[in-house]
Amino acid sequence: MENNYKMVAKTLFGFEDLLERELIQLGAMDVKKGVRNVSFTGDKGFMYKANLALRTAIKILKPIHTFEVRNEQELYDNIYKMSWENYLKPTGSLAVDATVNSQVFTHSLYIAQKTKDAIVDKFRDTDGQRPNVDLKFPDVKINVHIDRSTCNISLDASGDSLHKRGYKTATNIAPINEVLAAGLVMLSGWDGQSDFMDPMCGSGTILAEAAMIACNIPPNLMRKEFAFERWADWDVDLFEKIEESLLNKTRDFHHKIIGYDKSPSAVAKAKENIKNAHLEEFVHIQHEDFFKTQKGGDDKLHMVFNPPYGERLDIDMENFYKTIGDTLKQGYPGTDAWFITSNLDALKHVGLRPSRKIHLVNAKLEARFVKYVMYEGSKKASKQ
């Protein structure tokens, strides 16, 4: 298959297994897990599909060149030598972003600048004109990754981070990233076979991602643009065919997805975002204080939420987390409750023993994703 090439999907720490599974299910080949990334092989159509359908990917990169580098001059020379005319017109525009993990190169902005200089100089020397830098809407976005002495140059196929799904116009004070929300729902093992609740739903992100998972709706259908749409080999017919085949795989959902928030403005924002995502028939949002609620009915309930943890919202931590535990214990039998927190001290006040704890990173903060199983009646009775 000469049209296949290697790609790299980047993700958040702790989601590598999820992304690996997603890629295998989508049909990727040579899937290999790294740290915060998974590499795989596929063709152009699969690149389109990966951008549209992966829930836990932040970016899809297409590596085009790898070389060893010991100093700035080697970096410049190697980039200058590349056949940039294959990817970019002299009248086009580019943007470069860089990540570095190296003793020699310590400043990513400087590496990005040096890379841009080499590309621009090459065009000026061969064509007498040079591409412009456009950080917002470049024709080609180039990613430079230096790990110790190895430099990987890739084309960024996604452009804006894939967490920007396109349905969120309204956010509240501490919004959760869409990729993180989708990953939490997937890590929690929810499969759409029971009712789902987010009792502190904020701007509705976890609810929207849960609904798309339940119905197998591709998460990035609402995006305005992917970077690959500006590439020379952009194939709109192929893209539309891929989109249609993904839409044909959506499925029915026969349970409820419920969101509560005690802030009227959060409820309004969540409703707006759910409407933008065309998910109103699956998601029901109510203005409720979770601490004053009880579970309705005897059906199994699956709960995933992101309570405040004192970074951006001022609350009495001890009391707040104790009340979470009390509310679950007294009002929510027959519930699997999962939540994420970066306030590791606050967990001690929940007053329940978690049956699982998963180590994650949320916006550069160490976090734990914890599961509490609320049995029907007493624990002993449920085992008999």
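Only a predicted model underlies this, so the values are computations on that prediction, with no experimental measurement involved.

(A) Inspection of the pattern of salt bridges at higher detail. Applying the stated criterion to the full structure yields 18 salt bridges. Between Lys 322 and Asp 326 there is a salt bridge, and its shortest N-O distance comes to 2.8 Å. In this pair, Lys 322 and Asp 326 are both assigned in helix α9 (residues 317-331), 4 residues apart and thus about one turn of the helix distant. By relative accessible area, Lys 322 is classed as partly exposed at 42%. Here Asp 345 and Lys 348 are joined by a salt bridge, their closest N and O atoms 3.1 Å apart. The class of Lys 348 is exposed, set by a relative accessible area of 65%.

(B) A look at helix α4 (residues 108-127). Its 20 residues place the ends of α4 29 Å apart at the C-alpha level, agreeing with the 28 Å of an ideal helix rising 1.5 Å per residue. Taken together, the buried positions of α4 are occupied by Ile 111, Ala 112, Thr 115, Lys 116, Ala 118, Ile 119, Val 120, Lys 122 and Phe 123. Among the residues trailing α4, Gly 128 stands out with phi positive, at a value near 75°.

(C) Quick peek at the pairing of strand β9 (residues 195-198). Neither face of β9 is left uncovered, since the one carrying Asp 195 and Met 197 and the one carrying Phe 196 and Asp 198 both have all their residues buried. Across 3 bridges, β9 lies against strand β12 (residues 301-305) in parallel orientation. Residue pairing across strands places Asp 195 opposite Leu 301, the latter belonging to β12. Here β9 pairs with strand β10 (residues 257-261) via 3 bridges, running parallel. Bridge pairing in β10 places Met 197 opposite Ile 258.

(D) Examining the sheet that holds strand β3 (residues 37-42) more closely. If you trace the 8 strands from one edge of the open sheet to the other, you get β2-β3-β1-β4-β8-β7-β5-β6, paired in mixed fashion. One side of each edge strand has no neighbouring strand; the edge strands of this open sheet are β2 (29-33) and β6 (132-133). Across 6 bridges, strand β1 (residues 5-10) lies against β3 in antiparallel orientation. Pairing of Ala 9 across the sheet is with Val 38, part of β3. Across the sheet, helix α3 (residues 72-81) lies against β4 (59-68), β7 (140-147) and β8 (150-156), angled at about 110° from β4, the strand it touches most.

(E) Structural view of the sheet that holds β12. If you walk across this open sheet you meet the 7 strands as β11-β10-β9-β12-β13-β15-β14, and the pairing is mixed. The sheet terminates laterally at β11 (283-287) and β14 (356-362), the two strands that pair on one side only. On average, each strand axis in the sheet is tilted by 20° relative to the strand beside it, whichever way the strands run. Packing against the sheet, helix α8 (residues 264-276) makes contact with β10 and β11, and its axis sits at approximately 165° to β11.

(F) Main features of the nonpolar core. Counting 52 residues, the largest nonpolar core has Leu 23, Phe 40, Met 47, Ile 60, Ile 142 and Ile 153 as its most contacted members. The contact partners of Leu 23, leaving out residues within four places of it in the chain, are Ala 9, Ala 28, Val 31, Val 38, Phe 40, Phe 46 and Leu 54.

Here is what the cut-offs are and how they apply
- Residues numbered from 1 in each chain as written.
- Predicted model: local features only at pLDDT ≥ 70, side-chain atom pairs only at ≥ 80, totals over all residues.
- Heavy atoms only, no water.
- Salt bridge = Lys/Arg side-chain N within 4 Å of Asp/Glu carboxyl O.
- Helix = DSSP H or I, 4+ residues; strand = E, 2+ residues; numbered from the N terminus.
- Buried < 20%, exposed > 50% of the residue type's maximum accessible area, 1.4 Å probe, protein only.
- Expected span 1.5 Å × (residues − 1).
- Pairing = 2+ DSSP bridges.
- Contact = heavy atoms within 4.5 Å.
- Axes fitted to C-alpha atoms, helices over the stretch in contact; angles between N-to-C directions.
- Core = buried A, V, L, I, M, F, W, Y, C linked by side-chain atoms within 4.5 Å.

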